[in-house]
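Reading the structure
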Amino acid sequence: DSTLPAPHSALPSSLQPPAPSPQPLASDPVAWLQHETGCDALAAEQAVRYVAAQRAAVGMVPTCDRILFERFFDESGGMQLVIHAPLGARINKAWGLALRKRFCRSFDFELQAAADDNGVVLSLSPQHSFPIESLFSMLQPNNGQYLLEQAILAVPMFQVRWRWNITRALAVLRMQNGKRVPPYLQKFRSQDLLAATFPETVGCLENHHGDVVIPSHPLVRQTMQDCLREAMDVDRWLVLLEDIQAGRVELVPIETREPSPFSHQLLNANPYAFLDDAPLEERRTRAVNTRRSLAIDEVQDLARLDPLAIAQVAEEAWPLVRDADELHDALMNFVVLPEDEGKPWSEWLLPLTRAGRASVVTLADSARFWIAAERWPLVRAVYRETTCSPPVALPPALEKEWSGSDGWVEILRGQIQCRGPHTAAELGEKLHLAESHAFAALESLEGSGIAMRGRFRSQEAEVKGQNVEWCERRLLARIHRLTLDGLRRRIEPVPPETYWQYLLAHHHLVGDGQRQGELGLREAIAQLQGFELPAGVWESKVLAPRLAQYDPQALDHLFLAGELVWGRLRPPKRDEEAGKGMAALTRNMPISLALREDLPWLLAPERIDVAACAGSAAQEALNALRCKGALFFQDLKSLTGLLPSQLEEALRELAALGLVSSDTFATVRAIDGGGKRVPASMRKYLKTKVHRASSPIGRWSLFPGSVDPAERELQLDRWCRQLLSRYGVLFRDLLAREASAPPWWEMVRVLRRMELRGEVRGGRFIARVGGEQFALETAVAKLRNLRDQQTVSTEWTLISAADPLNLSGILAPGNRIPAMHKNSLIVQNGACVAAKIAGRIEFFAEVAQAEQLLMRKSLQIGRRVRSVPVPAPVDEPHVFRRPPRAARIDETQLNSRRRLGL
């Protein structure tokens, strides 16, 4: 607008005292606002940008003479109606209460409502479907005060004012016998007095019907007077209704895909603005997602729907026909299908007609429709002069008499469920119905909450005065949700290669984004807990690549501090151990690292007792731990009388069966060494000497000890959150390697509840992946950002085949690389380009010669190398010198270098 109203302007022109005309805006609105209000520059700039964002969103700024009615969908499927009326809280409360009462009488449904100085918000349920313009004439000056009086009796305002008046009238004493009467006694006595003077307000609702007759009692009259003219301003509100009826105040309707900037305050109104008794946590306005920023380019034209979203929803709603049965179901839904639209399915029509399940009807104007045989009585009632080929013979039980109006409604119901927005004229032309008949049927569907009217495909239609469009409410809500994401590209799922790139960055395996220190180590384990890996892989090939300057002592410190625990979450079954001899903890034995506080929900609900599979020495060690609790190695040796080597083998056997654990990971590291001082894979990380294997440090204890598994529902909920934290996007195929996780059919129920609560998003986020997918909001945003970048990088990442990020054969077509601790693979741009399988290196993509040498060397040694020495050219002259003894290369090393091409 070119002008701003004066700061004291808060009412329509008819309600204002004479005032000078508003001053025109200066070239600098910020300076003008500072001059008028006395605010500083930052506050004035923020206010100007706030108003500019509202104007960019809906094309206007609501004023006292031009009130905006805005409606939009919320996340629950309902709708919010916001009346932008800067008239003050006293007028808006009266307007909100009267509208709420009018809705209750029209739809027999109690609405949640709130009002403040800037407007009114009404929370509509999915059953409400009506044009916004119908609200303009819902309240009239002749019935406004009467409806408001009836509404006041049902809100807490009347009770509060009643207690205030009876205490002022000394009908209820605050002080008695020199003592203050407790507030709860005052409340009880006021309710008793109200029941005596105005019994209908406290009577049972089941025995009362119709309007409440207000008695002519002085206390009741005074209370009603205070509510109408102190808490609210009924006189000015009635004048406002007269101005609306006379056209002096303009009411503007608009449908938006999300709340406009001025709506945010009303949606987050404080409890004192509520016009009903619903608590804050039960407000339907909490189901509305609002933007965190009000950039003008982001909120531009909120009333426009994305044409690509409309086309996508219309395509998804159109039935999928692949056989005769599916064609019959589609015909039952459509009632009548024009022949030109059914041509792609013509091959399935002949079997249906031969079986007597479908037929082709011809109208008087030679138009032809396909129908299901069961729909013939309905079609015959709507289209009088029709012929049916082949004739339909129905049993008497399926013969039903239809009226013409009911038939129109049923036909239009089936059509709008499978089509996007259409006008009544377009639907009438397709179905060979009069436009008036189609319009009447759509209005009937609107009254039942199925259809909604508006201008969805083109906002210019409102200017040109064209007919309004109709769309099924469910499809319209889906169009709004898709439009919120902007372009069609933002809706499409990302390629699996992008998802693999996201996972590598999510686990801090790319670039310089590795975690740091002991805190980073704890976060990495918290992300991986519940996943069982071979004991010899955890440190060297899983944890070390995720951290910069990995230090094994930090892992030992976390174990000794009691924060971490290791063990087998899923003990082996008895038939797995039968006939195999004694089990032992080796490099291949799967174990899991977990936070001790999360151990209850990580455990299986029913752990199999495999103690009987243990040998005699292991039984003695197990009995000692059961009797004495946690014990050091030397204490166990004294209690059992076993030799150190026997006790070591017994502990390895019990650990392999998932019966015991140690309070330090150095035990696993030492046992993994198999008698060596340090495992070869960990020598580059260790800075101090490790105890010998026969006397590992730390105490041994039962696993899981006294920890009991959590309840099943809690366990499922925590597992869903753990897997979402690990993968960002969760779908069924990812559970192929999650041996300890619950089955998918149990988890998907929890994920669907989380989606209804808005904690995760359901949909199709990764292409070429089947089944339902659930994702965190942050993961969806990062995936789309990675896809939009569309950069080809030369960087590559080496991961162990046992790592949970080994998704070969799951995300992309091809053979799966076995999850063995000796195997590894290289991922570049979200695709596996090379792998080491059973000691053999294979390449699956073209790689430059220099990069191929680096990849071969990295796969050979099992960790990333940055450079490979290049041999000098053969033709260069050189002087042969015998190398010193320490630098000589033996035959084995020479052969290895030859195999690597070095």
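In case you missed it, the structure is sitting above this.
A brief structural summary. Quick caveat: nothing in here was measured; it's all calculated off a predicted structure. (Residues numbered from 1 in each chain as written. Predicted model: local features only at pLDDT ≥ 70, side-chain atom pairs only at ≥ 80, totals over all residues. Heavy atoms only, no water.)

1. Overview of the pairing of strand β28 (residues 831-837)
Rules: Residue exposure (1.4 Å probe, protein chains only): buried if accessible area is under 20% of the type maximum, exposed if over 50%, otherwise partly exposed. Counting from the N terminus, the helices are the DSSP runs of H or I reaching at least four residues and the strands are the DSSP runs of E reaching at least two. Should DSSP find at least two bridges between two strands, the strands are taken to pair.
The element β28 is extensively covered by neighbouring structure, given that six of its seven residues are classed as buried. Counted between consecutive antiparallel strands, the loop separating strand β27 (residues 824-828) from β28 contains two residues, among which Asn 829 sits at a positive phi close to 55°. With four bridges joining them, β28 and strand β29 (residues 840-843) adopt antiparallel strand pairing. Looking at β29, one finds that Ile 837 is bridged to Arg 840. Hairpin connection from β28 to β29: two residues lie between these consecutive antiparallel strands, with Ala 838 at a positive phi of about 55°.

2. Side note on the sheet that holds β29
Adjacent strands of a sheet form backbone hydrogen bonds with each other and so pair up, either parallel or antiparallel. Quick note on the threshold: Structural elements are reduced to axes, namely lines fitted to C-alpha atoms, with helices fitted over the stretch in contact, and the angle between N-to-C directions of any two is expressed from 0 to 180 degrees. Contacts: residue pairs with any heavy atoms within 4.5 Å of one another.
Spatially, four strands are ordered β26-β27-β28-β29 in an open sheet, and the strand pairing comes out antiparallel. With partners counted over all chains shown, the strands left at the sheet margins are β26 (797-800) and β29, one partner each. With direction set aside, neighbouring strand axes in the sheet form an average angle of 20°. Lying over the sheet, helix α19 (residues 496-506) contacts β26, β27 and β28, oriented at roughly 110° with respect to β27.

3. Some details on the packing of helix α25 (residues 616-628) against helix α27 (residues 644-656)
Let me state the cut-off plainly: Between 65 and 115 degrees an angle is taken as roughly perpendicular, under 35 as roughly parallel, over 145 as roughly antiparallel, and anywhere else as oblique. Side-chain classes follow a simple rule in which Ala, Val, Leu, Ile, Met, Phe, Trp, Tyr, Cys and Pro form the nonpolar group, Asp, Glu, Lys and Arg form the charged group, and the remainder, Gly included, forms the polar group.
One way to put it is that α25 packs onto α27 with a least axis distance of 8 Å and a crossing angle of 80°. In terms of orientation, α25 lies roughly perpendicular with respect to α27. Residues Ala 617, Ala 618, Ala 621 and Leu 622 of α25 form the contact with α27, whose participating residues are Leu 647, Ala 650, Glu 653 and Leu 654. For the contact of α25 with α27, the per-class residue count stands at seven nonpolar, no polar and one charged.

4. Some words on the pattern of salt bridges
Short version of the rule: Basic side-chain nitrogens of Lys or Arg form a salt bridge, by our definition, when they fall within 4 Å of a carboxyl oxygen of Asp or Glu.
All told, the structure shown has 36 salt bridges when counted by the stated rule. Two residues, Glu 472 and Arg 474, come together in a salt bridge whose shortest N-O distance is 2.9 Å. When its relative accessible area of 8% is taken as the criterion, Glu 472 is described as buried. With relative accessibility at 41%, the residue Arg 474 sits in the partly exposed group. One salt-bridge network, held together by shared partners, links Arg 90, Asp 233 and Arg 236.

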